[in-house]
Amino acid sequence: MSRAKRKIDHIEYAMQVGQTRASGLDDITFLHRSFPDTIVNQISLSTKVGELQFSSPIYINAMTGGGGRKTEKINRQLAQIANVLNIPMAVGSQMSAVKDKSEQPSYKVVRQYHPRGLVFANVGSEATVDEALFCISMLEADALQIHMNVIQELVMPEGDRDFKGALKRVESIIKAIDIPVIVKEVGFGMSRETVKQLYNIGASYVDVGGFGGTNFSLIENSRRTRQMNFFDHWGIPTAVSVAETAVYNNDTLDLTIFASGGIQNALDIAKVIALGANAAGLAGTVLKWVKDDGVDRTIDNLNSLLTDLKFIMAAVGAETITDLKKSPIIISGATREWLIERGIDTTVFANRG
């Protein structure tokens, strides 16, 4: 099967499989405030995310890599949306364009339609420094995502089977590139051990890419004759990944945390920020809106989402994203159990601020 056909299959299967509510975010509850002392119209969503200035804490996360004219159309639509809303956009893996120059237009369209906005290039952990630089140049990118997708590759019938030296390759890219490098999981989450490994090689940006959103094991199993269902529920839920990374970060590190994986609405965005993320990525939800409703309706949906976020911030007494990060939250259910097993005192989240 051609790489382009496989990428189109990924999009179609992603729409069929959909998203779950397995992110753990339903286990997070804000502490109600009867006197929040806020004015909705005075709430600011703008925020500094590492070296990057965001107009709001959301970004359109990587979805489509390669696939020819079909993905070119989707990338154009996503870029138009990002441009209208002035939000960052990440492209899917550009490795197909590294191997096949005919795929480049499906990526270059993003910069064409989002000319002054933040654009993130994207390569796999198999990429060399030269390949990473090529992909950055292709988009005049403001940051680079390096994605890790071991489980997807293992389930993918034609996937990689050799993961030796990936961390060293990531380190080489980080050291060679002078724009932010965001190391990103693809739907299976990051542990604090992984974050420590990344920090030790110089990473200062991580996207936890938690379990609970688009499930690439389910997608790849849809393409298999012999199922590998034991990976369908594999991974660290998004809420756990963000909390674990944030607690470890506050104790010892200086990381910028991107949260993605099953973020579907404004309340999910508020929760991941309160758990410790600096920004929240939407992928499957936005792709579904675009496919079902088109560009204009998706812009309306995202504007409504940002309005909802302001209302939530008003309710918890947060005038800025920095304030929201300090809001007390109650962690319950399986997320609390997981964090306690990992030695994290969840009462710290409940009694702050």
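Residues numbered from 1 in each chain as written. Predicted model: local features only at pLDDT ≥ 70, side-chain atom pairs only at ≥ 80, totals over all residues. Heavy atoms only, no water.

A.B. asks: I'm lost on unusual backbone geometry in this one. Help?
C.D. replies: Phi is mostly negative for residues that are not glycine, and the peptide bonds are mostly trans. Of note, Asp-37 is a non-glycine position whose phi angle comes to about 55 degrees, a positive value. Position of Asp-37 relative to the elements: it lies in the loop between strand 1 (28-30) and strand 2 (47-49). Asp-37 sits in the exposed class, given a relative accessible area of 74%. A positive phi angle, near 50 degrees, is found at Glu-140, a position not held by glycine. Looking at the secondary structure, you find Glu-140 in the loop between helix 5 (129-139) and strand 7 (143-148). (Helix = DSSP H or I, 4+ residues; strand = E, 2+ residues; numbered from the N terminus. Buried < 20%, exposed > 50% of the residue type's maximum accessible area, 1.4 Å probe, protein only.)

A.B. asks: What's the story with the packing of helix 8 (residues 192-200) against helix 10 (residues 238-252) in this structure? I'm lost.
C.D. replies: The description of two packed helices rests on the angle between their axes and on the distance between the axes. The geometry of helix 8 relative to helix 10 is characterised by a closest axis approach of 9 Å and an angle of 50 degrees between their N-to-C directions. With respect to helix 10, the element helix 8 is oriented oblique. For the pair helix 8 and helix 10, the sense of crossing is right-handed. From helix 8, Arg-192, Glu-193, Val-195 and Lys-196 reach across to helix 10, where they touch Glu-244, Thr-245 and Tyr-248. In terms of residue class, the contact of helix 8 with helix 10 is made up of two nonpolar, one polar and four charged. (Axes fitted to C-alpha atoms, helices over the stretch in contact; angles between N-to-C directions. Parallel < 35°, antiparallel > 145°, perpendicular 65-115°, else oblique. Left-handed = near helix turned anticlockwise from the far one by under 90°. Contact = heavy atoms within 4.5 Å. Nonpolar A, V, L, I, M, F, W, Y, C, P; charged D, E, K, R; others polar.)

A.B. asks: For this particular structure, what's the right way to read the environment of His-233?
C.D. replies: Within the fold, His-233 resides in the loop between helix 9 (216-221) and helix 10. A residue is classified by how much of its surface remains accessible, and His-233, at 70% relative accessible area, is exposed. With 211 residues separating them along the chain, His-233 and Ala-22 place their C-alpha atoms 9.3 Å apart.

A.B. asks: Would you mind going over the environment of Phe-120 with me for this structure?
C.D. replies: Of note, Phe-120 is situated in strand 6 (residues 119-124). Among residues more than four places away in sequence, those in contact with Phe-120 are Leu-52, Phe-54, Tyr-59, Pro-88, Met-89, Ala-90, Val-91, Leu-139, Ala-143, Gln-145, Ile-182 and Phe-258.

A.B. asks: In this structure, what is going on with the pairing of strand 8 (residues 181-185)? I would like to understand it.
C.D. replies: In regular strands, side chains alternate between the two faces of the sheet. Across the five residues of strand 8, five count as buried, placing the element largely inside the fold. Neither face of strand 8 is open: one carries Val-181, Val-183 and Glu-185, the other Ile-182 and Lys-184, and all of them are buried. Two elements, strand 7 and strand 8, share five bridges in a ladder whose sense is parallel. Note that in strand 8 the partner of His-147 across the bridge is Lys-184. Taken together, strand 8, helix 8 and strand 9 (residues 205-207) constitute a β-α-β crossover, and its handedness is right-handed. (Pairing = 2+ DSSP bridges. Right-handed = clockwise from strand over helix to strand, strands pointing away.)

A.B. asks: How should I be thinking about the layout of surface pockets in this particular structure?
C.D. replies: Empty space among the atoms becomes visible once a probe the size of a water molecule is rolled across them. Each pocket or cavity is described by its volume, and for the second largest pocket that value is around 390 Å³. Lining the second largest pocket are 23 residues, with Met-148, Asn-149, Val-150, Ile-151 and Glu-185 sitting closest to its centre. In terms of residue count, the dominant contributor to the lining of the second largest pocket is helix 7 (residues 166-176) (four residues). Counted by class, the lining of the second largest pocket contains 11 nonpolar, six polar and six charged residues. (1 Å grid on protein atoms, 1.4 Å probe; cavity = no way out; pocket = protein on both sides within 12 Å on 5 of 7 lines; lining within 4 Å. Points joined across faces, edges and corners; volume = space filled by probe spheres on them.)

A.B. asks: In this structure, what is going on with the packing of helix 10 against helix 15 (residues 333-341)? I would like to understand it.
C.D. replies: Look at helix 10 against helix 15: their axes get within 10 Å of each other, and the N-to-C directions meet at 35 degrees. For the crossing formed where helix 10 meets helix 15, the hand is right-handed. Across the interface between the two elements, Ala-239, Val-240, Ala-243 and Glu-244 from helix 10 touch Thr-335, Trp-338 and Leu-339 from helix 15. A per-class count over the contact of helix 10 with helix 15 returns five nonpolar, one polar and one charged.

A.B. asks: Sorry if this is basic, but what is going on with helix 10 here?
C.D. replies: For helix 10, built from 15 residues, the straight-helix expectation of 21 Å at 1.5 Å per residue is met to within 8% by its first-to-last C-alpha distance of 21 Å. For helix 10, a buried count of 11 out of 15 residues is recorded, marking the element as mostly surrounded by other parts of the structure. Where helix 10 is concerned, the buried positions are Thr-238, Ala-239, Val-240, Ser-241, Val-242, Ala-243, Glu-244, Thr-245, Ala-246, Tyr-248 and Asn-249. (Expected span 1.5 Å × (residues − 1).)

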